[in-house]
Amino acid sequence: MRDNMGDHSHGGPNDTGTVAKAGPGPLDTFQDPGLPPHRKRLADTDPRAEKRAERQVAWLFVISIIGTLSFFIAYFVIGRTDSISALRTQNMLLGLGTAFAMLGIGVGIVHWAKTLMPDHEVSESRHEIRTEADRQDAAKIIGDVIEETGIKRRPLIRNTIIGAIALAPIPAIFMFRDLDRTGATAGQIVDRLRYTMWDKGVKLVRDPSGTPIKASDVQIGSTFHVIPEGLSETEHPLNEKAKAVVLLMRLDPGKMNISPGREDWHYNGIVAYSKICTHVGCPVALYEQQTHHLLCPCHQSTFDLTQECKVIFGPAGHALPQLPITVDSEGFLVAQSDFTEPVGPSYWERG
Amino acid sequence: MSTATEFQAKTRTGRIADFVDQRVGGSTMVKEFGRKIFPDHWSFMFGEVALYTFVILLISGTFLTFFFDPSMAETHYAGSYNPLRGVEMSVAYASSLDISFDVRGGLFMRQVHHWSALLFVASVSVHMLRVFFTGAFRKPRELNWVVGGVLLILSLAAGFTGYSLPDDLLSGNGLRIIDGVVKALPLVGTYISAFLFGGEFPGTAIIGRLYMLHIMLVPALILLMVAMHLFMVVVHKHTQYPGPGRTEDNVVGFPVGPVYAAKAGGFFFIVFGVVALISGFFTINPIWNYGPYDPSPVSAGTQPDWYIGWVDGALRLMPGMLGNFSFEWIIPFPWGANTLVLNVLLPALVPAIVLLGLMFAWPWIERWVTRDDREHHILDRPRNAPFRTAVGVAGVVFYSVMWAAASSDLVATHFLVSLNDVTYWLRALFFLGPVIGFIVTRRICLALQRKDRDIVLHGREAGIIEMSPEGGFSERHEPLDEYKRYRLVAFDSPDVVPAQPDAVGHISRAEKRRGALSRLFFEDRVAPVTPEELAEAHAHHGHAAVEGGEKAQIGH
Amino acid sequence: MKALSQRRRHPLAAAALLLIGLVATGGLYTAAGSVNEAKASTVYTASDVEEGNKLFVANCATCHGLNAEGTPNGPSLVGVGAASVDFQVGTGRMPMQMQGPQAQAKPVQFSDEQIVQLSAFVASLGAGPAVPHEEWLDTSLGNSANGGAVFRTNCAMCHNAAAAGGALTRGKFAPSLDGVSEAHIYEAMVTGPQNMPVFNDSNISPEEKRDVITFLKEIESQGSPGGAALGSLGPVSEGLFIWTAGLGIIIAFTIWLTSRSS
């Protein structure tokens, strides 16, 4: 063991200990007194304390053994659980068993190290990370290597290899083009964000039961979570649903502020709006029937239903798209057409 | 290589060790590491917590892969959790439920995995804060600081890719938010979204892709970075706090064998034990509550895991509209209009660029401003670097405001305040908080430094009140011993380095800027006590009080 | 005592305290559970209506008007039905203590009999949803998996997927459904109290409502399989927990580990 008690004189070249004069100088700083004197532990001086520490460490390891055994009890005696409370008990006992098994070992070893292993602080000197001699040697080697390749003298080789190496990885980037498994062209990728399943005459049905909704079912203050009829028969129902979900509400037609061109988009105050937040796409599903506010639970964008779902708070940048609806001959609610603008979050090509 | 005096091991262990040694040169390694010195301080342990939780993650994660199926094919749940029986869901979600309810100890392993993931990122973060506030990133450790920063980002990536795997409603909505943010990217967003999800959101590809990233690419990169990180720790040797006997040229601490190895090794079991205890008693990510992912439902309190919270919070804080002005800019081009979705791009990118950019650049910024090219192995106590500490706290406040914003709805319900008011306040704090944090922290640091000076010059308050014969009360002050005193006076206190002219006597604009920054950094400064000042203070208090214990009036 | 106070300063004490705290909270949460009874629907008599009228004039008329026609301080109660009264008064929301963003549940102010009388009076003012029949509250007849699906689509966005509650705009909130009786859950759905939308029988059928109640009662009684649920608030409470308790225990251990033995 190295004990470099002597190496603590970095304060200044001369340490006479006389009172320093004013002004900067080597005696402007205090002298390093060196490592404090070593204080002995109880176990270093008292054999009984040493013995006690030894027993404590052993007991900790025994606790660990008991912990491991209790893990097996939890695993095999409780066995395959048939109720939530049995599962909870098993999980708790597995946790306790593992915790005791691990903490017993860990605390035991550390206690051992702290009380019984030598606790002298030792000083070790640092070495230069790079010596000047090494640097010169390395610089020479690199210089020789470059010289031997002759790359500096042969610019033709240098330029062509740079070109080749720069080009070679580019195919690896283009390889990823088919990450889109649909085989869509660039134009189709953009276009499909613009359209949903809704179309003229598509029935509004309840989510998830798929039953159609009569206009008379929708009372003021109620809200229906709606999907287009036939959703489950599509090839990718979740993809379609992610764009087509709609929230259906009814409010007093007197409270509605309708902009020109949308006069016939509602039916007796029954309105349908896209449920997908125009911010980043969470379902805006929280409808407050007294204030007529729609709130997105993810980022708190708030839309005012009486103002055609205009943004009145939060991070969304434009109103929720409205789905024009009407009733069919049997009184069921149907769409007049698809949405007239893309639903969901904005994107570069949205315009 | 043959030698004249061939070594013959006596015991069986010795023979095995010798066999290995002759083939891989173990003796050199033992010589190098066997007695290597590591300084001991509790704040040095967070890196180990990070490493150990990562090991726990590898162990528990491997267990989980044996039972998890990353398929997004539709199935009907037939496992033993009654409230979901018969529900249509993806195979990934069903297999996560099976791990929880039908694999013995599976729920425990899931909870171990998730709790240690949270602890992993937390300990990486705290470790980086410790390194920052103590100045351990200075020369020669700048590159290791960068590796650490990369590790922080990788740990976020590991966390996020894992969070989404069970394909439950919570993580599915999280993925949808990611999709929304990706789509906001100008020019490429729509295509990146299509490539990521294999078509339209949610598609059937994303879970499998994230799974591959989560169990292979990201952990492999983390392992690589950890190896580089530890290699550099060995090259640099560990830093140490200032104190008697500790210099820039030595390391004071315990040798690896046996004390340090025992403590560090034992600590792995302790961390594992703590994670196991938490996992036994506290539910994490109850996927059975959330239900399978479906684009229509959403749960109140939809939040990411804590380490992504700050980005989510930034998204919440950004107003989308100011009156009738929308942050969605529609830019007319000859070929049609394009949309620049600033209400998503600004909060998603700017805070991250500012925070991570400053974090990576800070060692170079400080080196440039101080013109300090020396190696630093002695750490700064945070109070002794007031500007840096204040910048760090400003960053922490900035982060925490966004972090708090991610739970604005829960703050509202639990403190019975309005959700909107919480957002307004946090919007103000987003700008004011870092400034206030900076000013207050710098003042506190300077005040603590003055207190240190006071203690060195006048001694420590002993807590003993004495009455003088005249009836006055005073508190006894005890002088410090030289070791304690050294701890308070031995620190570097950089001074302002004004702009310096170059060789031809010209002061460049960059140099002027540096000079101004240097003034900003170090103008307010409390210098360490010099021996002369101490002698003067003792003389001032008169005669033998130097050794005997000083008296100072209360309120002095 | 002296020995104890000395040991309190032991570096292990912090770790031990945290450990005890952890185990105790875990155990308590695990043990906690609650039981609720269903309420029967009632047939009202003429005297119920009369007594209810008296109670109404004495306790409700200030805000709702002498004939329940409504005032600027309170809505008209004509046609809100007995279910509405049973919910609002039966959960203590009415009579309101003060005007605020929304009426909050508090200790119930009236006896069961008085609530029946008040319901009878309001029901007599106009047709509205009645107090649900016992059949629709019987969780042994419901299907919790279907109830869960209906709950996630229609309720979870406000009340949270585990029914722990959530925030609405400007100080309003959707309350936790833990411990709310079957009848009150049903009545809330049919009447849409405060800002909650109305879920009439054509929107969510009585069978589906019963499924929802079955689901809620099942998750409430079974508790969380993984131990304490931390309020079922999701990643925020988990993050808070790991930063406080989790890192706290770890730091306590690191301090013990690096301190010198006595």
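Quick caveat: nothing in here was measured; it's all calculated off a predicted structure.

Criteria and cut-off values
- Residues numbered from 1 in each chain as written.
- Chains lettered and ligands numbered in written order.
- Predicted model: local features only at pLDDT ≥ 70, side-chain atom pairs only at ≥ 80, totals over all residues.
- Heavy atoms only, no water.
- UniProt positions renumbered as here; feature names shortened; annotations may be inferred.
- Helix = DSSP H or I, 4+ residues; strand = E, 2+ residues; numbered from the N terminus.
- Contact = heavy atoms within 4.5 Å.
- Disulfide = S-S within 2.5 Å.
- Buried < 20%, exposed > 50% of the residue type's maximum accessible area, 1.4 Å probe, protein only.
- Domains from an automatic or database assignment.
- Buried area = accessible area lost by both parts, 1.4 Å probe.
- Salt bridge = Lys/Arg side-chain N within 4 Å of Asp/Glu carboxyl O.
- Polar contact = N/O pair within 3.5 Å; in protein donor to acceptor, adjacent residues only side chain to side chain.

1. Details of the UniProt feature "domain: Rieske" (unreviewed entry) in chain A
Here is step 1 of the chain: Listed under "domain: Rieske" (unreviewed entry) in the UniProt record, and renumbered for this structure, are residues 243-334 of chain A.
Here is step 2 of the chain: The straight-line gap between the two end C-alpha atoms of residues 243-334 of chain A is 17 Å; of that span, 2% is helix and 33% is strand.

2. Focus: the environment of Gly320 of chain B
Here is step 1 of the chain: Its place among the elements puts Gly320 of chain B in the loop between helix H12 (309-317) and strand E5 (321-322).
Here is step 2 of the chain: Distance in space between the C-alpha atoms of Gly320 of chain B and Leu185 of chain B is 16 Å, their sequence separation being 135 residues.
Here is step 3 of the chain: Filtering out sequence-adjacent residues up to four positions away, Gly320 of chain B remains in contact with Gly314, Pro315, Ala316 and Gly317 of chain A together with Phe325, Ser326, Phe327 and Asn343 of chain B.

3. Comments concerning the state of the cysteines
Think of a disulfide as a covalent bridge from one cysteine sulfur atom to another cysteine sulfur atom.
Residue and element names in this part refer to chain A.
Here is step 1 of the chain: A complete count under the given rule lists 1 disulfide over all chains for this structure.
Here is step 2 of the chain: Disulfide partner of Cys282: Cys298, at an S-S distance of 2.1 Å. With the S-S bond torsion at -85°, the cross-link from Cys282 to Cys298 turns out left-handed. You can see Cys282 sitting in the loop between strand E5 (270-274) and strand E6 (286-288) and its partner Cys298 sitting in the loop between strand E7 (293-295) and strand E8 (302-304), a full 16 residues away along the chain. Note on accessibility: Cys282 and Cys298 belong to one class, buried.
Here is step 3 of the chain: You can see Cys277 has no disulfide; the closest cysteine sulfur is in Cys296, sitting 4.1 Å from it.
Here is step 4 of the chain: On the basis of relative accessible area, Cys277 is assigned to the buried category, the value being 1%.
Here is step 5 of the chain: The structure places no disulfide on Cys309, whose sulfur is separated from the nearest cysteine sulfur, that of Cys277, by 11 Å.

4. Re the domain arrangement of chain C
Residues and elements named next belong to chain C.
Here is step 1 of the chain: For chain C, the assigned domains read domain 1 (46-123) and domain 2 (134-227).
Here is step 2 of the chain: For domain 1 versus domain 2, the separation of C-alpha centres amounts to 23 Å.
Here is step 3 of the chain: Counting from both sides, the interface comprises 13 residues of domain 1 and, opposite them, 12 residues of domain 2.
Here is step 4 of the chain: Across the domain 1 to domain 2 interface the summed buried area is about 1100 Å²; carbon plus sulfur atoms make up 56%.
Here is step 5 of the chain: Its largest share of buried area at the contact with domain 2, domain 1 owes to Phe87, Pro101 and Gln102, together 49% of the area lost on that side.
Here is step 6 of the chain: Counting every contact that joins domain 1 to domain 2 gives 0 salt bridges.
Here is step 7 of the chain: Our count for the contact surface shared by domain 1 and domain 2 stands at 3 residue pairs in polar contact (both at pLDDT 80 or more).

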